[in-house]
Amino acid sequence: MKTSTSSKPTTKRWRRYIKSAFFPKDFPAGGVPEIAIIGRSNAGKSSLVNAWTGTSDAKVSQAPGKTRLLNFYDMGSYRLVDMPGYGYASRGKGEVQDYKKIVESYFAVRSEVVCLVLIMDIRRPWSEDEEMLRIYSNSIDRPMVVVASKIDKVNQSEKHSLLKALEKALQGTPYYLISSTTGKGVESLEESLHQNYVLPFIERQKNEKSEF
Ligand code: GDP
């Protein structure tokens, strides 16, 4: 496993899809910081994962059967974990239970999750589902950031009023604006998360090792 303590994330050359898994026993070995990406179906999660990893694997993983799995990507110094899309209204009780199970079992065994990225279409209002996830991330003591996607779809004045409403709902939760189509904001999102969450984790790991 390649690790890097440079403040810049590794180049895309190192990035690759590792595997998809449902049960913790099938997850890749731990010890590497992970950024978990979660979002409503159609929010633009696969497109962001593709833009971030420089692959087109997330689209492939949307094939039936893989949509309810966790998809792990090796990003060099950290991993991206693409979580299944949610949209409770259209799902049966069994599916909602399955969804909760996979999300909760992942967080229960992964102390390496350095941050939870909640992606939403900038044009959609913050809903009960997003609020539940924010409460959940607080309850498990993991930082959450929000990514408002598809900013290329709105004009300046729409953006202004949408952001005003979003900021009110977010109550201080950090947020980023991106367009996976144009690439705008994707690199600075990664740099910021790498700096604020990945590097401190790697530093803590080093310090813990040196204490022994
Ligand atoms: P997912 O279901 O959350 O994985 O969403 P997808 O990544 O599959 O995106 C859903 C739809 O939104 C697709 O038609 C994408 O092409 C489109 N989309 C995703 N991100 C963007 C974006 O930043 N800009 C625009 N214009 N379209 C986007």
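Residues numbered from 1 in each chain as written. Predicted model: local features only at pLDDT ≥ 70, side-chain atom pairs only at ≥ 80, totals over all residues. Heavy atoms only, no water.

K.L.:
Where do I start with the overall build of the protein chain in this structure?
P.N.:
Helix and strand counts for the protein chain stand at six helices and seven strands. The order of α-helices and β-strands along the protein chain, N terminus first, is β-β-α-α-β-β-α-β-α-β-α-β-α. Taking all 212 residues of the protein chain together, 50% fall into the buried category. Put simply, 76% of the contacts in the protein chain that link residues at least 6 apart link residues at least 24 apart. As displayed, the protein chain has an accessible area near 10,800 Å², and 51% of this comes from carbon and sulfur atoms. (Helix = DSSP H or I, 4+ residues; strand = E, 2+ residues; numbered from the N terminus. Buried < 20%, exposed > 50% of the residue type's maximum accessible area, 1.4 Å probe, protein only. Contact = heavy atoms within 4.5 Å. Areas by Shrake-Rupley, 256 points an atom, 1.4 Å probe, with all protein chains shown as cover.)

K.L.:
I tried to follow the pattern of salt bridges on my own but got confused; where do I start?
P.N.:
Working definition: two side chains of opposite charge can pair if their charged atoms are close together. Counting across every chain of the model gives 12 salt bridges. The partner of Arg40 in a salt bridge is Asp129, and the shortest N-O contact between them spans 3.1 Å. Here Arg40 is found in the loop between strand E2 (34-39) and helix H1 (45-53), whereas its partner Asp129 is found in helix H4 (residues 128-139), with 89 residues between them in sequence. The two residues Arg40 and Asp129 agree in class, both being buried. (Salt bridge = Lys/Arg side-chain N within 4 Å of Asp/Glu carboxyl O.)

K.L.:
What is the right way to look at the packing of aromatic side chains in this model?
P.N.:
Think of a pair of aromatic rings as described by two things: how far the centres are apart, and how the planes are tilted against each other in angle. The tally for this structure, following the rule as stated, stands at eight aromatic pairs. Aromatic pair Tyr86 and Tyr99: ring centres 6.3 Å apart, planes at 65°, arrangement edge-to-face. A residue pair is termed long-range when its members are at least 10 positions apart, and Tyr86 in the loop between strand E4 (79-82) and helix H3 (93-109) and Tyr99 in helix H3 qualify at 13 residues. Here the two residues Tyr86 and Tyr99 agree in accessibility, since each one is buried. (Phe/Tyr/Trp six-rings, centres within 6.5 Å; stacked < 30°, edge-to-face > 60°.)

K.L.:
Can you walk me through the site of the ligand in this structure?
P.N.:
Around the ligand there are 15 residues in total, and Asn42, Ser46, Ser47, Asp152 and Thr181 lie nearest to it. A distance of 2.9 Å separates an oxygen atom of the ligand from a polar atom in the backbone of Gly44. The contact in question runs from a nitrogen atom of the ligand to an N or O atom on the side chain of Thr181, over 2.8 Å. With the chains in place, 74% of the 580 Å² that the ligand exposes on its own is no longer accessible. The element that contributes the greatest number of residues to the shell around the ligand is H1, accounting for three residues. (Near = heavy atom within 4 Å. Polar contact = N/O pair within 3.5 Å; in protein donor to acceptor, adjacent residues only side chain to side chain.)

K.L.:
I keep staring at the side chain of Arg110 and nothing clicks. Help me out?
P.N.:
Position of Arg110 relative to the elements: it lies in the loop between H3 and strand E5 (113-121). A polar atom in the side chain of Arg110 sits 2.7 Å from the backbone oxygen of Pro28.

K.L.:
Sorry, what's going on with helix H5 (residues 156-170) here?
P.N.:
Each turn of an α-helix holds 3.6 residues, which means side chains three or four residues apart point in the same direction. For H5, spanning 15 residues, the distance from its first C-alpha to its last is 20 Å, which sits close to the expected 21 Å at 1.5 Å a residue. If you check which residues of H5 are buried, you get Lys159, Leu163, Leu166, Ala169 and Leu170. Considered in projection along H5, the buried side chains sweep an arc of 120° and stay on one side of the axis. Exposed residues pointing more than 90 degrees away from the buried face of H5 are listed as Ser157, His160, Lys164 and Lys168. On the buried face of H5, the contacting elements are E5, H4, strand E6 (144-149) and strand E7 (175-177). Looking at where H5 begins, the residue whose side-chain oxygen comes 3.1 Å from the main-chain nitrogen of Ser157 is Asn155. Phi turns positive, to about 50°, at Gln171, one or two residues after H5. (Expected span 1.5 Å × (residues − 1). Arc of directions from axis to C-beta.)

K.L.:
Would you take a moment to explain the pairing of E5 for this structure?
P.N.:
Walk down a regular strand and you will see the side chains alternate between the two sheet faces. Within E5, nine of the nine residues are buried, which leaves it mostly tucked inside the rest of the structure. Bridge count for E2 against E5 is six bridges, and the pairing is parallel. Across the sheet, the residue bridging to Glu34 is Val113, located in E5. Where the polypeptide runs from E5 across H4 and back to E6, its parallel neighbour, the crossover connection is right-handed. (Pairing = 2+ DSSP bridges. Right-handed = clockwise from strand over helix to strand, strands pointing away.)

K.L.:
Hey, could you run me through the side chain of Ser149 in this one?
P.N.:
One can find Ser149 in strand E6. Using a relative accessible area of 2% as the deciding quantity, one classes Ser149 as buried. With sequence-adjacent residues up to four places away left out, Ser149 is seen in contact with Ala43, Ile119, Met120, Asp121, Ile122 and Ile178.

Note that all results are geometric; they support no functional claim without further evidence.
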